[in-house]
Number of protein chains: 2
Amino acid sequence: MDRADRALLEALQADSSRSIAELAGCVNLSPSACHRRIKALEEQGLILGYAARVDPRRLGLAVEVFVEITLNSQSREAMDRFERAVCDFDDILECHLMSGTSDYLLRVAAADLDHYDRIHRDCLARLPGVSAMKTSFSLRRIKRFAGYSVPS
Amino acid sequence: MDRADRALLEALQADSSRSIAELAGCVNLSPSACHRRIKALEEQGLILGYAARVDPRRLGLAVEVFVEITLNSQSREAMDRFERAVCDFDDILECHLMSGTSDYLLRVAAADLDHYDRIHRDCLARLPGVSAMKTSFSLRRIKRFAGYSVPS
DNA sequence: CATGAAACTCGATGGCA
DNA sequence: TGCCATCGAGTTTCATG
């Protein structure tokens, strides 16, 4: 992967709706070359797909929540059960197995505190094997995720 | 916003590269109606833009890191200075002002621990007014963020 | 006035030099 | 690899309920 591919990846993460001709202009490539590069990136699996970036606030999801979770047991079975449950709940947007004090970090979005309370009761409280749960609310988003910076 | 719009938003977050005809099929809409709905969603600001979803692992970014930060001072000036610095560093992918024990939550991606060490020295350690920094590594991604679930 | 169909236009795609 | 022709999809317009 050379300079042009990296620049292309950055551009596609920032705005994939631009035409190939436009993208080619940014990277100093011919449109056909640009087209081939993008195909190659897709085939290599670097580009998983394309998606619309949606504003959660406009969706009515004003509250972003991070939940740190500790399990009762760190046995393989307990973790598998927990992870399967996490994947089943649509309200859990993202989940990481973590190093450090907690076992898992969850990310959730809610309309307001009532809605979060509902999600807590209907989804978080039903996760199996949880011994402790620490909830942190995002008061303000300082910097929005806008794609990975492509390392040179 | 009615049922069709919500279904459309979910579909666009999952895969915006589908043709309008395909999307219209999912939502039981005529292609022209579907096109108009999407335009409306864009104009209302619900859709911020379109982007390629990139696989960080394939990019060589194997390590995802969450960094909790506490400032020396919670004065308006200290926070403003910190937030401006955060926005300047491309290696900081995301930043939230948080409730709870820490002040800020940062998200960073690195190729390996050496790379993270470099980012730490060149970027995180240069953030102004930091009194404590707690780093947590994601050992495994259980669930990837794939768009907000659209509340009905 | 909102909706659907059809024509048009532009850009993506594939073959060729 | 770059160019050109083809094709398909997005866009606009118009006709209809």
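Small disclaimer: the values here were computed from a predicted structure and weren't measured.

So, how was this worked out
- Residues numbered from 1 in each chain as written.
- Chains lettered and ligands numbered in written order.
- Predicted model: local features only at pLDDT ≥ 70, side-chain atom pairs only at ≥ 80, totals over all residues.
- Heavy atoms only, no water.
- Contact = heavy atoms within 4.5 Å.
- Buried area = accessible area lost by both parts, 1.4 Å probe.
- Salt bridge = Lys/Arg side-chain N within 4 Å of Asp/Glu carboxyl O.
- Polar contact = N/O pair within 3.5 Å; in protein donor to acceptor, adjacent residues only side chain to side chain.
- Helix = DSSP H or I, 4+ residues; strand = E, 2+ residues; numbered from the N terminus.
- Nonpolar A, V, L, I, M, F, W, Y, C, P; charged D, E, K, R; others polar.
- Pairing = 2+ DSSP bridges.
- Buried < 20%, exposed > 50% of the residue type's maximum accessible area, 1.4 Å probe, protein only.

(A) A look at the interface of chain B and chain A. Taken together, the contact pairs 64 residues of chain B with 63 residues of chain A. Together, Ile142(B), Lys143(B) and Tyr148(B) form the three largest contributors to the area buried by chain B at its contact with chain A, with a combined 14%. At the boundary of chain B with chain A, the tally comes to 6 salt bridges. Here Arg107(A) and Glu94(B) are joined by a salt bridge, their closest N and O atoms 3.6 Å apart. Our count for the chain B to chain A interface comes out at 41 residue pairs in polar contact (both at pLDDT 80 or more). Here the side of chain B that touches chain A gets 9 residues from one element, more than from any other, and that element is strand E5 (residues 130-143) of chain B. For the side of chain B that touches chain A, the residue count by class is 35 nonpolar, 13 polar and 16 charged. Here 7 bridges tie strand E1 (residues 47-54) of chain A to strand E1 (residues 47-54) of chain B, and the two strands are oriented antiparallel to one another. Paired with Ile47(A) across the two strands is Val54(B), which belongs to E1(B).

(B) Molecular detail of the pairing of strand E4 (residues 104-110) of chain A. All names here are of chain A. Counting buried positions over the 7 residues of E4 gives 7, a clear majority of the element. Burial of the side chains of E4 extends over both faces: Tyr104, Leu106, Val108 and Ala110 are buried on one face and Leu105, Arg107 and Ala109 on the other. Bridge analysis of strand E2 (residues 63-71) against E4 gives 7 bridges, and the strand direction is antiparallel. Within E4, the residue paired with isoleucine 69 across the bridge is tyrosine 104. Hairpin connection between strand E3 (residues 92-98) and E4: a loop of 5 residues separates the two successive antiparallel strands, and glycine 100 in this loop has a positive phi of roughly 95 degrees.

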